[in-house]
Amino acid sequence: MSELKLEHKFDSQRKRHYLNNQLTVLHCHHYATLFTQLGLDAKEIVDGTRILKETTEDIFHEVLSNYFKNNSVMDVAERMDIARQMFSAVGMGKMVVVAHDESGGEIEMPVAYVDEGWLKKWGKFEEPVNYIGMGYVAGMFSAAYNKLPRTFNVTETQSKVKGAVKSLLKISA
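It should be emphasised that the depicted structure is a prediction, and the values quoted were computed from it without experimental measurement.

Trainee: Sorry if this is basic, but what is going on with helix H1 (residues 29–41) here?
Mentor: Turn by turn, an α-helix covers 3.6 residues, leaving residues three or four places apart pointing in a common direction. Helix length check: H1, at 13 residues, gives a terminal C-alpha distance of 18 Å against a target of 18 Å (1.5 Å per residue), a fit within 8%. Residues of H1 that are buried include every one of Ala32, Thr33, Thr36, Gln37, Gly39 and Leu40, and no others. Take H1 and look down its axis: the buried residues cluster within an arc of 155°, on one side only. Facing away from the buried side of H1 by more than 90 degrees, the exposed set consists of Leu38 and Asp41. Tucked inside the fold, the buried residues of H1 contact helix H2 (48–70), helix H4 (113–121) and helix H5 (131–144).

Trainee: Even after reading the chapter, I still don't get the packing of aromatic side chains, so can you show me in this structure?
Mentor: The geometry of an aromatic ring pair comes down to the distance between the two centres and the angle between the two planes. Summed over the entire model, instances satisfying the criterion amount to 9 aromatic pairs. Residues Trp118 and Phe125 carry aromatic rings whose centres are separated by 5.0 Å and whose planes lie at 50° to one another, so their mutual orientation is tilted. A relative accessible area of 1% places Trp118 in the buried class. Among the aromatic residues, those joined into a ring-pair cluster are Phe60, Phe87 and Tyr136.

Trainee: Would you mind showing me how to read the nonpolar core here?
Mentor: By size, the foremost hydrophobic cluster in this structure holds 41 residues, and its most contacted members are Leu64, Ile107, Tyr136 and Val137. The set of elements that each furnish at least two residues to this core consists of H1, H2, helix H3 (76–89), strand S5 (104–112), H4, H5 and strand S7 (167–172). When residues in this core are grouped by element, the largest group, 10 residues, is from H5. The contact partners of Ile107, leaving out residues within four places of it in the chain, are Met95, Val96, Val97, Val137, Met140, Phe141, Ser167, Leu168, Leu169 and Ile171.

Cut-off values and rules
Residues numbered from 1 in each chain as written. Predicted model: local features only at pLDDT ≥ 70, side-chain atom pairs only at ≥ 80, totals over all residues. Heavy atoms only, no water. Helix = DSSP H or I, 4+ residues; strand = E, 2+ residues; numbered from the N terminus. Expected span 1.5 Å × (residues − 1). Buried < 20%, exposed > 50% of the residue type's maximum accessible area, 1.4 Å probe, protein only. Arc of directions from axis to C-beta. Contact = heavy atoms within 4.5 Å. Phe/Tyr/Trp six-rings, centres within 6.5 Å; stacked < 30°, edge-to-face > 60°. Core = buried A, V, L, I, M, F, W, Y, C linked by side-chain atoms within 4.5 Å.

Put into C-alpha cells, the structure is as follows:
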C-alpha cells in the first residue's frame, strides 16, 4: 500500500493552512463536539446532524478524489488505505477498514476524536454522535469507487459514547 503524501503550507499573510494545496481548517475534537451538540440541539429547526454528515462527505469526497487523481491512485484497496491514513492525518482518529466493496462495507473506529471529545465533555450519551466521522466514511467510499456523494449511507451501529469499546460503522449503497 502507498503512504499518504501530505504537503503542509501556511500562508502567514492570510493566516491559512493548506494541505496538498487545499485550504484546511485545523481543529480540535472538543470544538467538533460542540458543533455536534449544536446539530443535535437544532433538530426542531433544521436537521443539523444531516448537515454535518453531508458537508463532511462533500468535502472529503473532493479532497480524496483530487488526491487519487493527482497521485494516480487507481486501485480501490490502495484508495481505502490512503483514506484511512488521511482520517488520522487530519485529526479525526484511527480507523480500520474491515470490509469494502461497491455495495458497502464496515469500518471500525477504535479512536474517533468526536467520541473522545464528547466523553470528556459530557460523558456517555444514549445515541451515536459521530456524524462527522459518518460523513467522512461516506465521502471516502464514494471517492474510492468513483461514485457521487450520497451514493453510500453510513450508520453507526456501535458507539463509544454509548459505552462500546470501539465505534462501528456500517456502509450500504
